[in-house]
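Residue-level listing of the chains:
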Amino acid sequence: MFGDYGMATHRFRLGWLTVSSALLLTAISMGAPTIAAASGLTSMNAAQIVSMAVKDSAAASSFSVDGTVNQPGSDITLDLSVSASGMSEGTISINGGSVRVIEIDGVGYFNADTKFWTKYASAAAAQLLAGRWVYGPMTSSPFSTFKQFLSPRKVISSFFGNTQGPFKKGGTSTVDGQQVIAITGNGSGALYVATTGKHFVARLQATKGSSNGTISFTHYNRPVRPKKPARGVNLQQLENQGS
């Protein structure tokens, strides 16, 4: 039963990379949306704005990231509040299966539904663990895989680590109450960057063929205070009993 966890970790990691690469590939070839004329950040070119946005966002103490990526054979939804302090939480859904994830002081907790366990582990694991909190050190598998969802720096790196131009400035608009400038290319979509204060990434929106997605980045530098689940299954102890 427990020999399936390694494969589950690998497949889940691929699912996360699918999210980031799908948006990156389309964002790299973004096209200008219909919005107002550009203003703000006038002394910087588009590539410099992208670089600053990535740097400022990765250095944030926390932020929320949410949205959905739809592409053939893969629908992925994120609803996460991540922090650099080791206190993060949220929900990840892949093709209808969902998992609730929490990190508190180096300990990881997750609670997945039957569909998730069945797809990424086994039917036996689903029967035993679906709907139950499972916990263990964040440094151990499969919890270490979830870390890339729960660190501001790792999330930003996953989405923007390999981003390349050419870019051009679009117009200004408002996203979630924040004035932003659109950075575009020659496809369909835009990266929206805050024009005041720290130049955080506000939204990544992309469409290419049958793939599309919108990911929003909000609530920068707000405290994240997840609650420890009242009960849980120690996964390491469970695996030792099954070995």
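Everything here concerns the structure above.
Before going into details, it helps to say that this report is about the structure given with it. Since the structure is predicted, the reported quantities are computational estimates derived from the model, not experimental observations.

### Some details on the pairing of strand S4 (residues 97-104)
The side chains of a regular strand alternate between both faces of the sheet.
Line of reasoning, step 1. Where burial is concerned, most of S4 is hidden: 6 out of the 8 residues are buried.
Line of reasoning, step 2. Sheet topology note: the S4/strand S5 (residues 107-112) ladder contains 6 bridges and is antiparallel. Bridge pairing links Ile102 to Tyr109 in S5.
Line of reasoning, step 3. Hairpin connection, S4 to S5: the antiparallel pair is bridged by 2 residues, and Asp105 has positive phi, about 50°.

### Topic: the pattern of salt bridges
Line of reasoning, step 1. Summed over all chains, the structure comprises 3 salt bridges.
Line of reasoning, step 2. For the salt bridge of Lys147 with Glu103, the shortest nitrogen-to-oxygen distance reads 2.8 Å. With Lys147 in helix H5 (residues 143-150) and Glu103 in strand S4, the pair connects residues that are 44 residues apart, well separated along the chain.
Line of reasoning, step 3. We classify Lys147 as partly exposed; its relative accessible area is 22%.
Line of reasoning, step 4. Its relative accessible area of 4% is what places Glu103 among the buried residues.
Line of reasoning, step 5. As a salt-bridge pair, Asp176 and Arg203 come within 3.8 Å of each other at their nearest N and O atoms. Here Arg203 lies in strand S10 (residues 201-208) and Asp176 lies in the loop between strand S7 (168-175) and strand S8 (178-184), a separation of 27 residues in the sequence.

### Some details on the packing of helix H2 (residues 46-58) against helix H6 (residues 152-160)
Line of reasoning, step 1. Where H2 meets H6, the axes come as close as 8 Å, and the angle between the chain directions of the two elements is 155°. Judged on the interaxial angle alone, H6 and H2 are roughly antiparallel. Contacts between H2 and H6 pair Val54, Ser57 and Ala58 from the former with Pro152, Arg153, Ile156 and Phe160 from the latter.
Line of reasoning, step 2. Here the residues of the contact of H2 with H6 are counted per class, giving 5 nonpolar, 1 polar and 1 charged.

### Looking at the pairing of strand S1 (residues 62-71)
Line of reasoning, step 1. The element S1 is extensively covered by neighbouring structure, given that 7 of its 10 residues are classed as buried.
Line of reasoning, step 2. Bridge count between S1 and strand S2 (residues 74-83): 10 bridges; the pairing is antiparallel. Counterpart to Val65 in the pairing with S2 is Leu80.
Line of reasoning, step 3. Where S1 meets strand S11 (residues 211-218), 7 bridges bridge the pair, whose relative direction is antiparallel. Note that in S11 the partner of Asn70 across the bridge is Asn212.

### Topic: H5
Line of reasoning, step 1. Where burial is concerned, most of H5 is hidden: 6 out of the 8 residues are buried.
Line of reasoning, step 2. Within the span of H5, buried status applies to Phe143, Thr145, Phe146, Gln148, Phe149 and Leu150.

### Re the packing of aromatic side chains
Line of reasoning, step 1. Here the structure, examined in full by the defined rule, presents 12 aromatic pairs.
Line of reasoning, step 2. Ring plane angle 50° and centroid distance 5.3 Å describe the contact between Phe63 and Tyr220, whose orientation is recorded as tilted. In this pair, Phe63 is assigned in strand S1 and Tyr220 in the loop between S11 and strand S12 (233-234), connecting sequence segments 157 residues apart.
Line of reasoning, step 3. Judged by relative accessible area, Phe63 falls into the buried class, the value being 1%.
Line of reasoning, step 4. Residue classification places Tyr220 among the buried residues on the basis of a relative accessible area of 15%.
Line of reasoning, step 5. Connected via pairs of aromatic rings, a cluster forms that spans Phe63, Phe159, Phe160, Phe200, Phe217 and Tyr220.

### Some words on the environment of Ala125
Line of reasoning, step 1. Position of Ala125 among the secondary structure elements: in helix H4 (residues 123-129).
Line of reasoning, step 2. By relative accessible area, Ala125 is classed as buried at 0%.

### Concerning the environment of Ser93
Line of reasoning, step 1. Inspection of the secondary structure puts Ser93 in strand S3 (residues 87-94).
Line of reasoning, step 2. Once the C-alpha coordinates of Ser93 and Ile76 are considered, the two residues, 17 residues apart in sequence, prove to be 5.6 Å apart.
Line of reasoning, step 3. Those residues in contact with Ser93 that sit more than four places away from it in its chain are Asp75, Ile76, Thr77 and Ser98.

### A word on the packing of H5 against H6
Line of reasoning, step 1. The geometry of H5 relative to H6 is characterised by a closest axis approach of 6 Å and an angle of 80° between their N-to-C directions. In terms of orientation, H5 lies roughly perpendicular with respect to H6. Facing H5, whose interface residues are Lys147, Gln148, Phe149 and Leu150, H6 presents Pro152, Lys154 and Val155.
Line of reasoning, step 2. Looking at the contact of H5 with H6 residue by residue, the classes come out as 4 nonpolar, 1 polar and 2 charged.

Thresholds, definitions, all that
- Residues numbered from 1 in each chain as written.
- Predicted model: local features only at pLDDT ≥ 70, side-chain atom pairs only at ≥ 80, totals over all residues.
- Heavy atoms only, no water.
- Buried < 20%, exposed > 50% of the residue type's maximum accessible area, 1.4 Å probe, protein only.
- Helix = DSSP H or I, 4+ residues; strand = E, 2+ residues; numbered from the N terminus.
- Pairing = 2+ DSSP bridges.
- Salt bridge = Lys/Arg side-chain N within 4 Å of Asp/Glu carboxyl O.
- Axes fitted to C-alpha atoms, helices over the stretch in contact; angles between N-to-C directions.
- Parallel < 35°, antiparallel > 145°, perpendicular 65-115°, else oblique.
- Contact = heavy atoms within 4.5 Å.
- Nonpolar A, V, L, I, M, F, W, Y, C, P; charged D, E, K, R; others polar.
- Phe/Tyr/Trp six-rings, centres within 6.5 Å; stacked < 30°, edge-to-face > 60°.

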